[in-house]
Amino acid sequence: MLQKRKPQGYSQVTPYVMAATAVAYIVMGVFVIKRKWLLVPLTDIMAYAMGILVIAYGLFRGWRAYRALTDSSQD
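Reference entry: report on the structure contained in this document. Computed from a prediction, not measured in an experiment: that's the story for all the values here.

Further remarks concern the environment of Met46. Along the polypeptide, Met46 turns up in helix α2 (residues 44-74). Using a relative accessible area of 47% as the deciding quantity, one classes Met46 as partly exposed. Separated by 10 residues in the primary sequence, Met46 and Lys36 place their C-alpha atoms 8.2 Å from one another.

Attention now goes to helix α1 (residues 14-35). Structurally, the α-helix is built with 3.6 residues per turn, so residues lying three or four positions apart point the same way. Its 22 residues place the ends of α1 31 Å apart at the C-alpha level, agreeing with the 32 Å of an ideal helix rising 1.5 Å per residue. Taken together, the buried positions of α1 are Pro15, Met18, Ala22, Gly29 and Val32. The buried residues of α1 all sit within an arc of 95 degrees when viewed along its axis, so they share a single face. Among the exposed residues of α1, those pointing more than 90 degrees away from its buried face are Tyr16, Val27, Lys34 and Arg35. At the exit of α1 stands Lys36, carrying a positive phi of roughly 55 degrees.

Moving on to the environment of Gln12. Counting through the fold element by element, Gln12 comes out in the segment before α1. With relative accessibility at 42%, the residue Gln12 sits in the partly exposed group. Here the alpha-carbon distance between Gln12 and Leu69, two residues 57 residues apart in the chain, equals 9.0 Å.

This part covers a nonpolar patch on the surface. On the surface, a nonpolar cluster with roughly 420 Å² of combined accessible area is contributed by Phe31, Trp37, Leu39 and Val40. Positionally, Val40 belongs in the loop between α1 and α2. A relative accessible area of 45% places Val40 in the partly exposed class.

What follows covers the environment of Ala47. Mapped onto the elements, Ala47 comes out in helix α2. Sequence separation between Ala47 and Arg35 is 12 residues, and the spatial gap between their C-alpha atoms is 8.3 Å. Filtering out sequence-adjacent residues up to four positions away, Ala47 remains in contact with Val32, Ile33, Lys36 and Leu42.

Rules of the game
Residues numbered from 1 in each chain as written. Predicted model: local features only at pLDDT ≥ 70, side-chain atom pairs only at ≥ 80, totals over all residues. Heavy atoms only, no water. Helix = DSSP H or I, 4+ residues; strand = E, 2+ residues; numbered from the N terminus. Buried < 20%, exposed > 50% of the residue type's maximum accessible area, 1.4 Å probe, protein only. Expected span 1.5 Å × (residues − 1). Arc of directions from axis to C-beta. Patch = residues over 30% accessible without salt bridge, like charges linked within 9 Å, V, L, I, M, F, W, Y side chains within 5 Å. Areas by Shrake-Rupley, 256 points an atom, 1.4 Å probe, with all protein chains shown as cover. Salt bridge = Lys/Arg side-chain N within 4 Å of Asp/Glu carboxyl O. Contact = heavy atoms within 4.5 Å.

This is the structure:
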């Protein structure tokens, strides 16, 4: 059957790039809530909704990066 091979080269860096992207999304969500701006001026309700949505997506990306890091360290 197929054997699970350990990633080599740039694929070992991928979980760290995923983690950096997650942090960037979380920071962007806080920015949207604080400045009430995302390419266009936003109302208060829309800024909070977009900010929370972007932060939630950043947390999801962070969780996936954590899972990728733990999976790659077990191999």
